[in-house]
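These are the residues of each chain, in order.
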Amino acid sequence: MTINDVSLIGKKVLVGVIVTLIPFVIIFGGLWLGRKLLEKGSATKTAQIVQPQNSTPS
């Protein structure tokens, strides 16, 4: 095998790795972004519940 053959195989492997990783990045990035948006949306909509203080006259 010549240097050109090794270079061609290396380029094909690199392209294969990139083509494989791009869908994973898109899927997991979308899941991460969706989770962050849902956490942010639910945090702004939560209400604080304060129980009234019962004061008994002495």
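Residues numbered from 1 in each chain as written. Predicted model: local features only at pLDDT ≥ 70, side-chain atom pairs only at ≥ 80, totals over all residues. Heavy atoms only, no water.

1. Describing the overall build of the chain
Within the chain, the regular secondary structure consists of one helix and zero strands. Here the chain, with 58 residues, has 0% of them falling under the buried criterion. (Helix = DSSP H or I, 4+ residues; strand = E, 2+ residues; numbered from the N terminus. Buried < 20%, exposed > 50% of the residue type's maximum accessible area, 1.4 Å probe, protein only.)

2. Considerations on the UniProt feature "transmembrane region" (unreviewed entry) in the chain
Using the residue numbers shown here, the UniProt feature "transmembrane region" (unreviewed entry) corresponds to residues 13–33. Secondary structure within residues 13–33 divides into 100% helix and 0% strand; the distance between the first and last C-alpha atoms comes to 30 Å. (UniProt positions renumbered as here; feature names shortened; annotations may be inferred.)

3. With respect to the pattern of salt bridges
Oppositely charged side chains are able to pair whenever their charged atoms sit close together. The full count for this structure, using the stated rule, is one salt bridge. Close ionic contact of Arg35 with Glu39 constitutes a salt bridge, the shortest N to O distance being 3.3 Å. Of the two residues, Arg35 and Glu39 are both situated in helix H1 (residues 3–45); the distance of four residues between them amounts to about one turn of the helix. Its relative accessible area of 58% is what places Arg35 among the exposed residues. Relative accessible area serves as the criterion here: at 38%, Glu39 is assigned to the partly exposed category. (Salt bridge = Lys/Arg side-chain N within 4 Å of Asp/Glu carboxyl O.)

4. Here's the deal with a nonpolar patch on the surface
A cluster of nonpolar residues, Met1, Val6, Ile9, Val13, Val17, Leu21, Phe24, Val25, Ile27, Phe28 and Leu31, forms a patch on the protein surface that exposes about 1100 Å² of accessible area. Structurally, the position occupied by Phe28 is in helix H1. Given the relative accessible area of 53%, Phe28 is considered exposed. (Patch = residues over 30% accessible without salt bridge, like charges linked within 9 Å, V, L, I, M, F, W, Y side chains within 5 Å. Areas by Shrake-Rupley, 256 points an atom, 1.4 Å probe, with all protein chains shown as cover.)

5. A word on the environment of Met1
On the secondary structure map, Met1 appears in the segment before H1. For Met1, a relative accessible area of 77% gives the class exposed. Residues within four places of Met1 in sequence aside, it is in contact with Val6 and Ile9. (Contact = heavy atoms within 4.5 Å.)

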